[in-house]
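Reading the structure
Listed here are the chains, written in short residue letters.
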Amino acid sequence: MKLPTTVRLVDVGPRDGLQNEKQPVSAEVKIGLVHRLQDAGLKEIEVTSFVSPKWVPQMADNAEVMHGIQRKPGVGYSVLTPNMKGFEAAIAAPREEWPDEIVVFGAASEAFSQKNINCSIAESIERFAPVVAAALEKGIRVRGAMSCTVGCPYEGEIAPAKVGYLAQLMKGIGVQRVDVADTIGVGTPRKVQAAMEATLAHFDVDAISGHFHDTYGQALVNTLAALELGVWNFQSSSAGLGGCPYAKGATGNVATEDVVYMLHGMGIETGIDLDRLIDAGVYISEALGREPNSRASKAIRTKRAG
Ligand code: HMG
Ligand code: MG
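What you are looking at is a predicted structure, and each value in this text was computed from that prediction instead of being measured. (Residues numbered from 1 in each chain as written. Chains lettered and ligands numbered in written order. Predicted model: local features only at pLDDT ≥ 70, side-chain atom pairs only at ≥ 80, totals over all residues. Heavy atoms only, no water.)

Concerning the site of ligand 1
Among the 26 residues in the neighbourhood of ligand 1, the closest are listed as Gln 19, Asn 83, Asn 118, Ser 147 and Thr 183. Between ligand 1 and the protein, one listed contact pairs a nitrogen atom with a side-chain N or O atom of Asn 83 at 2.8 Å. In isolation ligand 1 exposes 1,100 Å². Once the protein is present, 75% of that is buried. The cavity where ligand 1 resides is the largest pocket. Taken together, the elements giving at least two residues each to the shell around ligand 1 come down to α1 (13-17), α4 (84-90), α5 (110-117) and β5 (141-147). Residues belonging to the shell around ligand 1 are distributed by class as follows: 12 nonpolar, 10 polar and 4 charged. (Near = heavy atom within 4 Å. Polar contact = N/O pair within 3.5 Å; in protein donor to acceptor, adjacent residues only side chain to side chain. Areas by Shrake-Rupley, 256 points an atom, 1.4 Å probe, with all protein chains shown as cover. 1 Å grid on protein atoms, 1.4 Å probe; cavity = no way out; pocket = protein on both sides within 12 Å on 5 of 7 lines; lining within 4 Å. Sits in = over half its atoms within 2 Å of the grid points. Helix = DSSP H or I, 4+ residues; strand = E, 2+ residues; numbered from the N terminus. Nonpolar A, V, L, I, M, F, W, Y, C, P; charged D, E, K, R; others polar.)

So this is what it looks like as structure tokens:
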């Protein structure tokens, strides 16, 4: 199959990346990261999540961060909302501070659903349904994240049929597009393609994105495997930040820098300025007191230093 010529990346670093940080990260730094990402050409940024601060303390400043960002025309800003309480908090601010898109997040694994959002898959869909309806009614787009589509930290390997089942439920409540997530980064190309194919039975290829964590170093090949199916939307974190607090041992998302380097090398357009993106990754990494977790960033910075 002919590969897509353009790819749209959602940088999920400010949310997926930072949610797992044990050290405090100020709202100012998070806002600074969002600004640098949009200046680097990212057209979609997952900014924060309106979840329980008891469950994810790092995202407790959600409203402050949404208030503080200076929006750039043409950029979409998304937030996670697991229930009506989260959705209401996300739209408690004036209209111009509302997210452009909300994300409901479910799992293909029952055990992960329980650990992450404290309910079964069926209950999660019941909770999401009014959130999706309320968002669409207000003109806010809706994405559905599907966790553990290849493997689960509690249940092990996940059958594609379970992914298809969740995708069908998401479609049924009006979710407009879905993320096929390898939450713990155990996937390999054929398994990722099987999860994608199960999702393709319910969603158009344009409405599917790949969300790969890089725990086993497979995220780039999995990205290529998804591209081979025509998928052209992906999620990644600048500087390879992240992990999920309810998926122990899982490392960050694939680094946006590495994905952009690969795509540009293949002649696929992203609209992203890799140099500025690298600087955004350095900014957040310095704030966290460590090196960016991106091989492309390291190589390019070494070359810059000459
Ligand atoms: P629960 O305890 O079952 O909720 O948590 P509850 O409805 O029984 O309420 C309990 C308390 O939480 C109450 O407060 C509520 O008001 C409060 P209390 O009366 O005890 O003081 N509460 C909230 N507070 C703020 N915002 C809310 C909210 N909802 C209830 N929205 C809940 C259920 C879903 C809230 C909880 O499990 C939770 O917050 N989970 C979030 C977990 C999370 O954020 N995980 C990481 C994101 S998912 C991810 O990273 C995967 C992804 O990247 C894709 C991939 O890689 O797989 C997306
Ligand atoms: Mg994730």
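Still more ground to cover, so stick around.
Focus on the coordination of the magnesium ion (ligand 2)
Protein coordination at the magnesium ion (ligand 2): the donors are Asp 16 (OD), His 211 (NE2) and His 213 (NE2), at 2.0 to 2.3 Å from the metal. Along the chain, the residues that donate to the magnesium ion (ligand 2) are spaced as D-x194-H-x1-H. Taking the relative accessible area as the measure of exposure, His 211 reaches 7% and is therefore buried. (Donors = N, O, S within 2.8 Å, 3.2 Å for Na, K, Ca; no water. Buried < 20%, exposed > 50% of the residue type's maximum accessible area, 1.4 Å probe, protein only.)

Thoughts on the side chain of Gln 58
One can find Gln 58 in the loop between β2 (44-49) and α3 (62-68). When its relative accessible area of 10% is taken as the criterion, Gln 58 is described as buried. Of note is the side chain of Gln 58, whose polar atom sits 3.0 Å from the backbone oxygen of Glu 21. Other than its neighbours up to four places away in sequence, Gln 58 contacts Leu 18, Gln 19, Glu 21, Gln 23, Pro 24, Val 25 and Lys 30. (Contact = heavy atoms within 4.5 Å.)

Things to note about helix α11 (residues 274-288)
An α-helical turn contains 3.6 residues, so a residue and the one three or four places further along point in the same direction. Between its terminal C-alpha atoms α11 stretches 21 Å, which fits the 21 Å expected from 15 residues at 1.5 Å a residue. The secondary structure elements touched by the buried residues of α11 are α2 (27-39), α10 (256-265) and α12 (295-305). For α11, the N-terminal capping position is held by Asp 273, with its side-chain oxygen 3.0 Å away from the main-chain nitrogen of Asp 275. (Expected span 1.5 Å × (residues − 1).)

A closer look at the layout of surface pockets
If you add up the space inside the largest pocket, you get close to 640 Å³. What lines the largest pocket is a set of 41 residues, among which Val 51, Pro 82, Phe 105, Asn 116 and Ile 117 lie closest to the centre. Elements with a contribution of two residues or more to the lining of the largest pocket: α1, β2, α4, β4 (101-107), α5, α6 (121-137), β5 and β8 (177-182). Looking at side-chain class alone, the lining of the largest pocket contains 21 nonpolar, 13 polar and 7 charged residues. What lines the second largest pocket is a set of 16 residues, and nearest its centre among them are Asp 214, Asp 258, Asn 293, Ser 294 and Arg 295. Looking at the lining of the second largest pocket, the elements with two or more residues in it are α9 (219-228) and α12. (Points joined across faces, edges and corners; volume = space filled by probe spheres on them.)

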